[in-house]
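The lines below spell out each chain.
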Amino acid sequence: MELQIPVATIAVALLVALQVNQIWASSADGSAPIYKNPHYSVEARVKDLLARMTLEEKIGQMTQIERENASTAVVQKYLIGSVLSGGGSVPAPQASVGLWQSTVSSFQNGALATRLGIPIIYGIDAVHGHNNVYGATIFPHNVGLGATSRDPDLVRRIGEATALEVRATGIPYVFAPCIAVCRDPRWGRCYESYSEDPILVKSLTDVILGLQGTPPAEHKAGQPFVKDGSHVAACAKHYVGDGGTQNGINEGNTVISYRDLKRIHLAPYIDALAKGVSTVMVSYSSFNGEKMHANHFLITRMLKTHLKFKGFVISDWQGIDKISTPPFSNYTYSVLTSINAGIDMVMVPYDYVNFINNLTTLVKTGYIQQNRIDDAVKRILGVKFTAGLFDLPFSNSVPGSVLGEASHRSLAREAVRKSLVLLKNGKDLHSPLLPLSKTAPKILVAGSHANNLGYQAGGWTITWQGGSGNTTIGTTIFQAITGTVSASTQVVYEESPDVNFAKGGGFSYAIVVVGEPPYAETFGDSTNLTITSQGVQTIENVCSTVKCVVVIISGRPVVVEPYLPIIDALVAAWLPGTEGQGVTDVIFGDYNFEGKLPRTWFRTVEQLPLNVGDKHYDPLFPYGFGLRTGVSRRLTTAKFTRSSSFH
């Protein structure tokens, strides 16, 4: 028999429920609750709100879902605490600032329509600028910033510019910076690391001060800090040891003593916490066989208790799913282990219903204690209050016009020219090729990377893996060359010239731009570290017949020793981003070379891993190496001494 309830009865029940909710969300005296009052401290507001929340609402806060399967209704129904855009996740191809803002606002509307009106925190990867967004300024990847003569102020300014562009699209949270210490360039994420040297990585955590703002002098280490609506909550990643895996295998196993883990890989996190970083992302990797997503000692005892971190700990993309062997094989166990290990927010990102149901059951059956849930939610709410989301849930204080604005592109151009490392200049010390003449009659520009903006920017640009061609707005190196030389200079571009073309062209010199294709994460793991075969052929065809400067576009040192004898000048340009003029600024002599290697440049891959301070250290170019060009055009070398190396 079907039960029928009169419409009037349903209406009365809904009205009563609404009134109860309004009473529950208000203070006893009828005034706004403490958590909605900005005059109270963050601690008081968190305590007040936490006391009002049901288990369902708390678990919702611990859930982060992907934009592509989120909606206003989903956020409202499941009380979702966070939404993210993964690599390449956009509202539409070449989405406008306005579309980004409206997309984020639609999810926020769902959150604000819930009983307690707890705002979501929207997160995005912004690892070298606002790199998911078409038209944003794309800065050099971290490996290039590590080469910029150790310039913390530069990375701070880049952080500030990135925060403004992110906020302009309505987003208050970035999954940056990566403060990994990459100890093996075979790792596919090595370009996300500033250096093999933890001392250098520590110094460049000043990017956090740009992203979040500089905390006051009395700020306590470990306490999250976001200055205002023109800054964002940052995320130090990937905790911990991601750059130390055996053979550089992504998501692999870091086999190392606890003492060396602290000395090398944990050290930058101590600086990040002192600078007020709001969140920490856990690594896919393992430490001596134990998955980091399951490591209670390093997450709870070390990070939260010993280092007194008060922000929230977030998983990586489907990171908890990979705890089990094989991955994705025992989801209930993965949820149980990761939450008890100390992870506060889980980047689900798709099967959120399964996650919510599993976590709810585990709490109700006592496998996960209520106080563990309360600790997680307290931390999440604390970051949201600190970031100002309860008082200004819609990030509209920064105008959309800042996206890709001229001052930011000028800053990126500065970063490019400071990141270039001159590895060779002339076949002998008395015959330097650089700087190049701007008035040469005829020059050749060659190579797969010379006129390809996607290759120039690398992975994590517009899409996860990066792309080829005009993937966004910027200036290729070839375009920068044509805009630099005199009007009388004939510039010939041939991507893959043969020997006869190069030999018979009457060229004064050639600029060859070659390197690695774009990649990200595991797709970048490499056992041979070679540039493309097309690039090798171009070097051999051109440099054997014409004076040439070879510009290497890569996320790490690559094999170059076999070609050095025929190359006149060699420049490591890393992954420079959208502003190719930074390359021409230096190779044509408007600015001097000043970059220094942030990584050891090996001779052969058989030497790897090879890091400064190793007992048998015999590199092609040592850590800290970099030739300079001055106004007198005299050649000098960067000093490298054992006393300046990392031990």
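Residues numbered from 1 in each chain as written. Predicted model: local features only at pLDDT ≥ 70, side-chain atom pairs only at ≥ 80, totals over all residues. Heavy atoms only, no water.

I'd love a proper account of the sheet that holds strand β2 (residues 82-85), names of residues and values included.
Strand order in the open sheet formed by five strands is β4-β3-β2-β1-β11, with parallel pairing between adjacent strands. Each edge of the open sheet is held by one strand with a lone partner, namely β4 (173-174) and β11 (346-347). When strand β1 (residues 63-66) meets β2, the two strands line up parallel, connected through three bridges. When the bridges of β2 are listed, Q64 appears paired with S82. Against the sheet, helix α5 (residues 97-112) contacts β2 and β3 (121-124), and its axis sits at roughly 135 degrees relative to β3. (Pairing = 2+ DSSP bridges. Helix = DSSP H or I, 4+ residues; strand = E, 2+ residues; numbered from the N terminus. Contact = heavy atoms within 4.5 Å. Axes fitted to C-alpha atoms, helices over the stretch in contact; angles between N-to-C directions.)

Describe in detail the pattern of salt bridges, supporting the description with residues and values.
A full pass over the atoms with the stated rule returns 32 salt bridges. Here D375 makes a salt bridge to R379, at a shortest N to O gap of 3.1 Å. Of the two residues, D375 and R379 both sit in helix α14 (residues 370-386), four residues apart, roughly one turn of that helix. By relative accessible area, which is 24% here, D375 ends up partly exposed. We classify R379 as buried; its relative accessible area is 9%. Two residues, R409 and E579, come together in a salt bridge whose shortest N-O distance is 2.7 Å. (Salt bridge = Lys/Arg side-chain N within 4 Å of Asp/Glu carboxyl O. Buried < 20%, exposed > 50% of the residue type's maximum accessible area, 1.4 Å probe, protein only.)

How would you sum up the sheet that holds strand β8 (residues 286-287)? Please name residues and give values.
Strand order in the open sheet formed by three strands is β6-β8-β9, and the pairing between neighbours is mixed. The strands lining the two open edges of the sheet, one partner per strand, are β6 (253-254) and β9 (290-291). Relative to β8, β6 runs parallel, the two sharing two bridges. Pairing of N253 across the sheet is with S286, part of β8.

Quick one: what's the story with the packing of aromatic side chains, residue by residue and with numbers?
Under the counting rule described, the total for this entry stands at 15 aromatic pairs. Both rings, one in F107 and one in Y122, keep their centres 6.2 Å apart while their planes meet at 10 degrees; by these two values the pair is stacked. Residue F107 is found in helix α5, and its partner Y122 is found in strand β3; the two are separated by 15 residues along the sequence. Here the aromatic rings of Y173 and F312 are separated by 5.9 Å at their centres, their planes lie at 75 degrees, and the arrangement is edge-to-face. One end of the pair, Y173, is in strand β4; the other, F312, is in strand β10 (residues 312-314), with 139 residues separating them in the sequence. Across the pair, F312 and Y173 agree in class, each one buried. (Phe/Tyr/Trp six-rings, centres within 6.5 Å; stacked < 30°, edge-to-face > 60°.)

Describe the packing of helix α12 (residues 331-341) against helix α13 (residues 352-364), listing the residues and the values that go with them.
At their nearest, the axes of α12 and α13 sit 10 Å apart, and the two run at 65 degrees to each other. One element, α12, and the other, α13, form an angle in the roughly perpendicular class. Classified by chirality, the crossing of α13 by α12 is right-handed. In contact with Y331, T332, V335, L336 and I339 of α12, α13 contributes N354, F355, N358, L359 and L362. (Parallel < 35°, antiparallel > 145°, perpendicular 65-115°, else oblique. Left-handed = near helix turned anticlockwise from the far one by under 90°.)

Outline the state of the cysteines, supporting the account with residue identities and numerical values.
Inspection of the entire model under this criterion finds two disulfides. The disulfide that involves C182 links it to C190, with 2.1 Å between the sulfurs. Here the disulfide of C182 and C190 is left-handed, its torsion about the S-S bond being about -105 degrees. The disulfide that involves C543 links it to C548, with 2.1 Å between the sulfurs. Between C543 and C548, the S-S dihedral sits near 115 degrees, and the bridge is therefore right-handed. As far as the burial class goes, C543 and C548 line up, both buried. In the protein, numbering the disulfide-bonded cysteines from first to last in sequence yields the connectivity 1-2, 3-4. For C178, which is in no disulfide, the shortest distance to another cysteine sulfur is to C182 and amounts to 9.2 Å. (Disulfide = S-S within 2.5 Å.)

Please give an account of the pairing of β2 that cites residues and values.
Side chains S82 and L84 of β2 all project onto a buried face; the interleaved residues V83 and S85 project onto the opposite face, where all are buried too. Sheet topology note: the β2/β3 ladder contains four bridges and is parallel. Residue pairing in the sheet places V83 in a bridge with Y122 of β3. Once you follow β2 into α5 and on to β3, the crossover reads as right-handed. (Right-handed = clockwise from strand over helix to strand, strands pointing away.)

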